[in-house]
Structure formats: structure tokens, C-alpha cells
Amino acid sequence: MKTISTAVIGVGAMGKNHARVYSELENVELVAVSDTDRSNSKKVAEKYKCSYYSDHNKMLKKEDVDAVSIAVPTNLHTKVGMDCIKNNVNLLIEKPIADNVENGRKMIDAAKKENLVLTVGHVERFNPAVIELKKRLLSGGLGRVFKVSVHRVGPFPKRIRDVGVVIDLATHDLDIMRYLVSSEVTRVYAESERKIHTTHEDLLDAVLKFENNVVGILDINWLTPEKIRELSIVGEKGMFVVKYLSQELFFYENAEAKIRDYDYSDILMGVTEGNVIDIRIKKTEPLKAELSSFVDCVRSGGDPLVSGEDGLSALKLAECLIESSMENKVVYV
């Protein structure tokens, strides 16, 4: 099996984890890291025994790199991404794909022209609880889906951010919601506030309507003393609840929905409490699964689980949420 040469551009909080995982993967070699803070890149390079740079372009020209993770601030995604594409390097861009839809489209088109893999770091797609939930939804485990709700809240982040909760946090769930309900959003309405963050919003509550009539609810903030990452999805047969942090999946049965060989819509008479089932999940590190999948795509030339178009759709919805909250109106997508 061919060894894939990898590098990381931006080795801050997230980039350091990318470097660690690449160093752990089989048939993968971490050849270099780059960060504008030279002392930071040197420290990471010494830990994983690779080269280090303060200029990513010098790294791309000097090192033989097959694939790179981009974990720089959002406003630099497009510049660094285009530099990688110009050097014929496959790329994984930490979400969001770019600072705006136009720049995201620019990178997607450029990567496609050069036949390069471009994927976006929507890491929740690789959470084993989400993977198992998707399987059960595809097999009809919930019947018709009515509503999907997300709670992604926690304390205000210590490190400085160049974006607010919509771009930084809500993009995770906008992608997961589209993925789980297999439908596109038609309209959104959002309320946001700046309670602590002086530049960007730190609270978001939003309602989404999907083409298949599923209703989506987003509860996102940096104002809650406890870190909570949960998703619930309600349908004919009951409700699934995902706890992202602990990688747990629960099913709350609707006792009225009896198993039959015919369509549930013909027999559903109501909703009552049934059994609560704790679905056993084999826990894995989502980032490791994500980078392993990326490397496999680079090796095989296959399509990534999270495409550039997926990343662009999440970013477009985030922009619609910001527009809705700023202009106090429903926004049609």
C-alpha cells in the first residue's frame, strides 16, 4: 500500500491534533508542519519528528506532500487553500470551507479542475453515534421524520475567534441536519445576540424548514456554563437522541407505533411512552476516522464523505441565518 505524505498548515489547538493523528495512522507519513508562529511549528515538529516552516508556500515547494490539512483562521482558508491547489496538493479544510460562499466556490472549482480531493472538516459526520443513527434512519427505524433539534452550547471560548457562533458552531449542525434528513433547507428564521462577544454573535436560536417538511431547531451559544452537544430526531416510531461528546445513541419508542409489514402512516394512532433503548456504540476518535477517510480518498481517488459542496451548503445556510437575524425576517434559501 502506498504511503501518503501529509502536512498540516496551522498548528494551533486543532492543527496540533491533525499532526498527532497523521503521525499515528498506518501507511501515512507526517512530513512537515507550518505555522506563522515559528516557535509553535518547531515545537510540534520536534514532537512528531518532521520538518517545520513559518511559510506554508516554502513548505509546499520544498516538501513532497500528497495531502494537507488546513487549520488556519477562517479568513485565510481561501488563500491557503488556493496555494495548495496551485501546488497540486489534495486538501482537507477545517470547517467552514471559507469566509464566504464565493470564495468557497472558487476553491471547489479550482480543485475539481486539477482533479484534487477537497473535503471539509465537518468532523461530526465521523462520530460513530451519528453513523449508526444514519444507518437506522435509512433502514426505516424512525418511519417518517417530523423534527430534528440540536443543542450545541457551552462556555465562552478562551481563545480569540474571528467568527461568531453561527459560523463556528452552527455549521456543524447545519451539515448534520442535511445529512440525516436527506433534504435541503427551503427557509430559515433566526434570532441572535451579542451578550459577551464584542464583534460577533454569541447566541443563536433558529428554525429551519426542509423540502420534505421536516422542521429543524437550532439552539447554539457560548453562554451556557455546561458544555452540551446533543441532537434529537423525532418521527413516527419514536425519537433518537445522540450525545456527541460521549458518543451515545438512545431510542425512545413510541408505544403506539406497532411493527407491521405495511406503511406506518396507515396505522399510527398517536404517541405514548415506550421503552428506552441504549444502543451500544463502538467508540472511536472522530478526527482519526475523518483523516483516515481523507487519506484513503487521496490514495484511491474516491469521493470524500464530506464534499466541498457539502461544506458550501452549510456555509450558505449559515449566511442565511446571519441575514435573517440581522434583518429580522424569514430568509428563503
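Here, the structure is the one placed above.
Residues numbered from 1 in each chain as written. Predicted model: local features only at pLDDT ≥ 70, side-chain atom pairs only at ≥ 80, totals over all residues. Heavy atoms only, no water.

Draft legend 1. Representation of the overall build of the protein chain within the structure. Within the protein chain one finds 9 helices and 15 strands. For 333 residues, the compact-globule estimate of 2.2 N^0.38 gives 20 Å, and the C-alpha radius of gyration of the protein chain, at 21 Å, lies within 12% of that figure. Along the longest, intermediate and shortest principal axes, the C-alpha atoms of the protein chain span 65 × 50 × 40 Å. Burial analysis of the protein chain (333 residues in total) assigns 52% to the buried set. (Helix = DSSP H or I, 4+ residues; strand = E, 2+ residues; numbered from the N terminus. Rg over C-alpha atoms; globule rule 2.2 N^0.38 Å. Buried < 20%, exposed > 50% of the residue type's maximum accessible area, 1.4 Å probe, protein only.)

Draft legend 2. Representation of the pairing of strand S5 (residues 90-94). Extensive coverage of S5 is indicated by the burial of 5 of its 5 residues. On the question of chirality, the crossover connecting strand S4 (residues 67-70) to the parallel S5 by way of helix H4 (residues 77-86) is right-handed. Here 4 bridges tie S5 to strand S6 (residues 118-121), and the two strands are oriented parallel to one another. In the sheet register, Glu 94 faces S6, and the bridge partner there is Gly 121. Regarding topology, helix H5 (residues 101-113) serves as the crossover connection from S5 to the parallel S6, and that connection is right-handed. (Right-handed = clockwise from strand over helix to strand, strands pointing away. Pairing = 2+ DSSP bridges.)

Draft legend 3. Inspection of the pairing of strand S12 (residues 238-243) at higher detail. Bridge count between strand S11 (residues 228-235) and S12: 6 bridges; the pairing is antiparallel. Within S12, the position partnered with Val 234 by the bridge is Met 239. Bridge count between S12 and strand S13 (residues 248-254): 6 bridges; the pairing is antiparallel. Residue Gly 238 lies in a different strand from S13, and its bridge partner there is Glu 253.

Draft legend 4. How the structure looks around the packing of helix H1 (residues 13-24) against helix H2 (residues 38-48). Their axes nearest at 10 Å, the elements H1 and H2 cross at an angle of 20°. On the basis of their axis angle, the class for H1 and H2 is roughly parallel. For the element pair H1 and H2, the recorded crossing hand is right-handed. The residues of H2 that touch H1, namely those facing Lys 16, Ala 19, Arg 20 and Ser 23, are Asn 40, Val 44 and Tyr 48. Taken together, the residues of the contact of H1 with H2 break down into 3 nonpolar, 2 polar and 2 charged. (Axes fitted to C-alpha atoms, helices over the stretch in contact; angles between N-to-C directions. Parallel < 35°, antiparallel > 145°, perpendicular 65-115°, else oblique. Left-handed = near helix turned anticlockwise from the far one by under 90°. Contact = heavy atoms within 4.5 Å. Nonpolar A, V, L, I, M, F, W, Y, C, P; charged D, E, K, R; others polar.)

Draft legend 5. Layout of the sheet that holds S6. If you walk across this open sheet you meet the 6 strands as S3-S2-S1-S4-S5-S6, and the pairing is parallel. Sheet topology places strand S3 (51-53) and S6 at the edges, where each strand pairs with a single neighbour. Neighbour-to-neighbour, the strand axes of this sheet turn through a mean angle of 20°, independent of strand direction. One ladder, built from 4 bridges, connects strand S1 (residues 4-9) with S4; its direction is parallel. Within S4, the residue paired with Val 8 across the bridge is Ser 69. Packing of H2 onto the sheet brings it into contact with strand S2 (28-34) and S3, and relative to S3 it is tilted by some 170°.

Draft legend 6. Spotlight on the nonpolar core. Ile 97, Leu 204, Leu 218 and Leu 231 are the most contacted members of the largest nonpolar core, which totals 76 residues. Element by element, the count of residues in this core is highest for helix H7 (residues 165-181), at 11 residues. In this structure, Leu 231 is in contact with Leu 133, Val 148, Ser 149, Val 150, Ile 176, Leu 180, Phe 240, Val 241, Val 242 and Tyr 244, ignoring residues within four places of it in sequence. If you look at the next biggest cluster of nonpolar residues, it comprises 24 residues, including Ala 19, Cys 50, Phe 294 and Val 298. (Core = buried A, V, L, I, M, F, W, Y, C linked by side-chain atoms within 4.5 Å.)

Draft legend 7. Spotlight on the sheet that holds S13. If you walk across this open sheet you meet the 9 strands as S14-S13-S12-S11-S7-S10-S9-S8-S15, and the pairing is mixed. A strand with exactly one partner marks an edge of an open sheet, and here the two such strands are strand S14 (273-279) and strand S15 (331-332). In the packing of helix H6 (residues 128-138) onto the sheet, the strands contacted are strand S7 (145-153), S11, S12, S13 and S14, and the crossing angle to S12 comes to about 160°. The sheet strands contacting H7 are S7, strand S9 (203-210), strand S10 (215-221) and S11, and the helix crosses S10 at an angle near 155°.

Draft legend 8. Spatial organisation of the environment of Glu 273. Checked against the element boundaries, Glu 273 lands in strand S14. The exposure class assigned to Glu 273 is exposed, which follows from its relative accessible area of 79%. Linking Glu 273 and Glu 256, residues 17 residues apart in sequence, is a C-alpha distance of 8.3 Å.

Draft legend 9. Region of interest: the pattern of salt bridges. Taken as a whole and judged by the stated rule, the model has 21 salt bridges. In this structure, the salt-bridge partner of Arg 280 is Asp 278, at a minimum N-O distance of 3.5 Å. In this structure, the salt-bridge partner of Glu 327 is Lys 329, at a minimum N-O distance of 2.9 Å. Ionic contacts of the salt-bridge type, sharing partners, join the residues Arg 125, Asp 175, Arg 178, Glu 184 and Asp 310 into one network. (Salt bridge = Lys/Arg side-chain N within 4 Å of Asp/Glu carboxyl O.)

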